[in-house]
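These are the residues of each chain, in order.
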Amino acid sequence: MMAKLAAARAAEHKKREEQLIIDEAERKAEEERKRKEKEEEERIRQEEKQKEIEVARAEYLRRKAEGDFLSEKEKLKRAKDEQARQELLKQIKSQESAAANRKDNKKEHYKKKKKPVKVEAEEAKDVPEESKTEHEEKKEEKEEEEQVDVDWEELAENTDRIDAIIKPKLSMDLTEITTDNLSNTEGNEAKESEVKEEETKEEPTKLPEKAPEKAPEKEAPKKQPAPKKESKEERKKVEVRAPILCVLGHVDTGKTKILDKIRKTKVQEGEVGGITQQIGATLFPRETLEEHANSIKGILDVKIKIPGFLVIDTPGHESFSNLRNRGSTLCDFAILIVDIMHGLENQTVESLNILKKYKIPFVVALNKIDRCYDWKGIEYASSKASYERNTQCQQQFNTLMNKVILQFAEQEVNACLYWKNDDPESFVSMVPTSAITGEGIPDLLTYTVKRIQETLARKIIYQPKLVCTVMEVKVLEGYGVTCDVILVTGELHVNDMIILSGFEGPIVATVRALLTPKPLKEMRVKGEYVHHESVRGTIGVKVCAPGLEDALAGSPLYCAHNEEEVEEYKREAGEELAAMIRKYISKHGEGIYVQSSTLGSLEALLELLKSNKIPVSGIGLGPLYKKHILKVMKASEKKGDREEYATILAFEVEPDKEADELIKKNSIKLFKASVVYHLIDSYKKHADECLYSL
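Residues numbered from 1 in each chain as written. Predicted model: local features only at pLDDT ≥ 70, side-chain atom pairs only at ≥ 80, totals over all residues. Heavy atoms only, no water.

> Is there a simple way to explain the overall build of the protein chain in this structure?
Summing up its helical and strand segments, the protein chain has 20 helices and 21 strands in all. Considering only contacts within the protein chain whose residues lie at least 6 apart along the sequence, 75% involve residues at least 24 apart. Counting only carbon and sulfur atoms, one obtains 51% of the accessible surface of the protein chain, whose full area is about 39,300 Å². (Helix = DSSP H or I, 4+ residues; strand = E, 2+ residues; numbered from the N terminus. Contact = heavy atoms within 4.5 Å. Areas by Shrake-Rupley, 256 points an atom, 1.4 Å probe, with all protein chains shown as cover.)

Printed below as a string of structure tokens:
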């Protein structure tokens, strides 16, 4: 009985296991079916979404061409332009009809001329006389046709000039900077056209003579050469400065790596953690730009007229928003680096908002195209040629690119590839690049030159007035505390008296030395510097002068030539004192002490500490000395039992021997690091340990 019961239970258990296996198989099959359905739905949804984007873009372009998005002012301007064109068309038709009338009148005149007085002579025509008359008539007709052709040539010139005036322009070429005589030539041509109209109205009724008809031909060439000669002379006087470019983007998108590929340096490899933590500047001379432009001739042809670029490289980490903001406010044009694999990231969006806020024109470098599967790259090749050659990667590239375009659209920015951009005023151009192979770098530089020369011709004219901004304050071995400044326009000389803002008040100092890195060398990297007696914009310069320890980065630098100017500039500098930094210091004198190698990194540290609600009692620049430790000891007396506040955060600085002994003797906690957020993490861990020990 028990055996039968056990057998029954075993059979039932086996049946249940089989049923469970069947159910599990059915469940997996159902899940697989649902997954495939979901994938199919997602694919269809993506295709529909892409079609909607394409339809919306086509509709937008159609409506834009029809003028639906124009403001009232633009519509009125377009109407006036159309009216001017219609008037020009009427003028052309009237001259055409006048020329035809003159031709008909001449024919009638010569027909009358060859009619004999007697009717009998008409029947007996002399053959030589007839051939002579016909020859004269043909000769006169030929002269008349030549005269009509000359009129049309003059009219074509006038049409081009009027078209150039009434056509709405958003940009100008560098060669057209000094066309001051344009208005005078317009007035002269208008008067000439009025005189011609009066002559054409009178000529049908009164037979024209040869002398009056040829008179305008002789006068026109005399009037036109004079303005041209003047404009050439004026153009020679114009001096164009190097525009300032700012490179922005998220951390690890390849900003410094792209600049390294252009400079043929290894700055990025030498940076701690592989990330930029200081602001830097590099001068790209005209020869470098021409070399890259010549390598893609036929794909993108541009005549380079600017002396070069001054490129500012900014950090991409979130802690360095202050440096990104500082670099972008100085620049004339920007390059926004986007990782094609990740699209728009947090700091990319932040950088984009900065560019929109200050209305800075920019192009997008769509970096890391070499990471597309099976991409076959060629060193420094055109990205357009590489895209057309790598047919096996085009589908993946297009998918990633469309994702980036959609993300830009979410930020209210239209974007497309630069070789497909017919409307650069409405669409931001994207240049595919690779910082590894160098592909797209010639396209990026050449297209940037093209856009600058089209849109910023007036802005980059050199001005003698000094415009100079402090970018960074740092200690340079052998020179002490120096200021990295961007000299936009004007001149600086050794022994000039300079005034700039500082933590404790305006700083007045005398320039001891002016140092610049060699062309294509990064200013923030230690190396050989070129000494100058004087420098002129646009250039990045290290200014060596006494008393710069408290200089405030981001403030303007003034140059005074007399005592009155010194007092005036001191007042201006006093208004820009360290309010931006003082907001980080605790009013009650409690908190940790922060020491940094540069002011930019110090600002980033203070911003990060403020966001983590960590109070700061004092700050300093350069190596840690005894005086700094004494400040910490004095402040720690007010802190009572707050052990976590007896701390020094040191970014890229070391204490000297005396300071180190004081730190150990007084049980002061010292945290050192070369990466900003590592310091914050170390202090947080220490603060938690102090809290738990209580």
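And the narrative resumes.
> I'm lost on the pairing of strand β16 (residues 539-544) in this one. Help?
Among the six residues of β16, six are classified as buried, and the element is accordingly described as predominantly covered. Here β16 shows no split at all, with I539, V541 and V543 on one side and G540, K542 and C544 on the other all buried. Strand direction decides the pairing type here: strand β9 (residues 480-489) and β16, joined by six bridges, are antiparallel. Bridge assignment links I486 to a residue of β16, and that residue is G540. Strand direction decides the pairing type here: strand β13 (residues 513-517) and β16, joined by three bridges, are antiparallel. Each bridged residue has a counterpart across the sheet, and for L515 the counterpart in β16 is K542. (Buried < 20%, exposed > 50% of the residue type's maximum accessible area, 1.4 Å probe, protein only. Pairing = 2+ DSSP bridges.)

> Looking at this structure, how should I read the packing of aromatic side chains?
The geometry of two aromatic rings is summed up by the distance between their centres and the angle between their planes. Inspection of every chain in the model, using the stated rule, returns five aromatic pairs. Seen in terms of ring centroids, Y387 and W419 are 5.8 Å apart; in terms of plane orientation they differ by 40 degrees. Their pairing is tilted. Here the residue Y387 occupies a position in helix α12 (residues 383-389), and W419 occupies one in the loop between β6 (415-417) and β7 (428-432), the gap between them amounting to 32 residues. Owing to a relative accessible area of 12%, Y387 belongs among the buried residues under this scheme. Among the aromatic residues, those joined into a cluster by ring pairs are Y387, F397, Y418, W419 and Y447. Across the ring face of Y462, the terminal group of R536 is positioned such that the distance to the ring centre comes to 4.4 Å. (Phe/Tyr/Trp six-rings, centres within 6.5 Å; stacked < 30°, edge-to-face > 60°. Lys NZ or Arg CZ within 6 Å of the ring centre and 35° of its normal.)

> Got a minute to help me understand the packing of helix α9 (residues 286-295) against helix α14 (residues 441-455) in this structure?
Two quantities define a packed helix pair, namely the angle between the helix axes and the distance between the axes. One can describe the packing of α9 onto α14 by two numbers: an axis separation of 8 Å at closest approach and a directional angle of 115 degrees. One finds that α9 runs roughly perpendicular with respect to α14. For α9 against α14, the interelement crossing comes out left-handed. For the pair α9 and α14, contact is made by L289, H292, A293 and S295 and by I441, P442, L445, T446 and V449, respectively. For the contact of α9 with α14, the class distribution of residues is six nonpolar, three polar and no charged. (Axes fitted to C-alpha atoms, helices over the stretch in contact; angles between N-to-C directions. Parallel < 35°, antiparallel > 145°, perpendicular 65-115°, else oblique. Left-handed = near helix turned anticlockwise from the far one by under 90°. Nonpolar A, V, L, I, M, F, W, Y, C, P; charged D, E, K, R; others polar.)

> How do you make sense of the sheet that holds strand β12 (residues 507-510) when you look at a structure like this?
Strand pairing in a sheet is mediated by backbone hydrogen bonds. Such pairs are either parallel or antiparallel. Strand order in this open sheet of three strands is β12-β11-β17, and the pairing throughout is antiparallel. Of all strands in the sheet, those with a lone pairing partner are β12 and β17 (558-560), marking the two edges. The sheet shows a mean angle of 30 degrees between the axes of neighbouring strands, direction not considered.

> Any chance you could explain the sheet that holds strand β21 (residues 669-673) here in plain terms?
Taken in spatial order, the four strands make up an open sheet running β19-β18-β20-β21, and their pairing is parallel. Lying at the two open borders of the sheet, with one neighbouring strand each, are β19 (616-621) and β21. Across the sheet, the mean angle separating the axes of adjacent strands is 15 degrees when strand polarity is ignored. Strand direction decides the pairing type here: strand β20 (residues 647-651) and β21, joined by five bridges, are parallel. Along β21, the bridge assignment pairs T647 with K669.

> Please explain the environment of K356 as it appears in this structure.
Along the chain, K356 falls in helix α11 (residues 346-357). In contact with K356, not counting residues within four places along its chain, are Q411 and V413.

> For this particular structure, what's the right way to read helix α19 (residues 657-665)?
Because an α-helix packs 3.6 residues into every turn, residues spaced three or four apart end up facing the same way. For α19, every residue scored as buried is listed here: A659, L662 and I663. Viewed end-on, α19 has its buried residues packed into an arc of 100 degrees, placing them on one side of the element. Of the residues in α19, the exposed ones pointing more than 90 degrees away from the buried face are K657, K664 and K665. Taken from the residues just after α19, S667 is the one with a positive phi, measuring 55 degrees. (Arc of directions from axis to C-beta.)

> How do you make sense of the environment of C331 when you look at a structure like this?
With respect to the helices, strands and loops of the structure, C331 is situated in the loop between α10 (321-330) and β4 (333-339). Overall, C331 belongs to the buried group, its relative accessible area being 5%. Beyond its immediate chain neighbours, meaning those up to four positions away, C331 contacts I244, L245, C246, I360 and K459.

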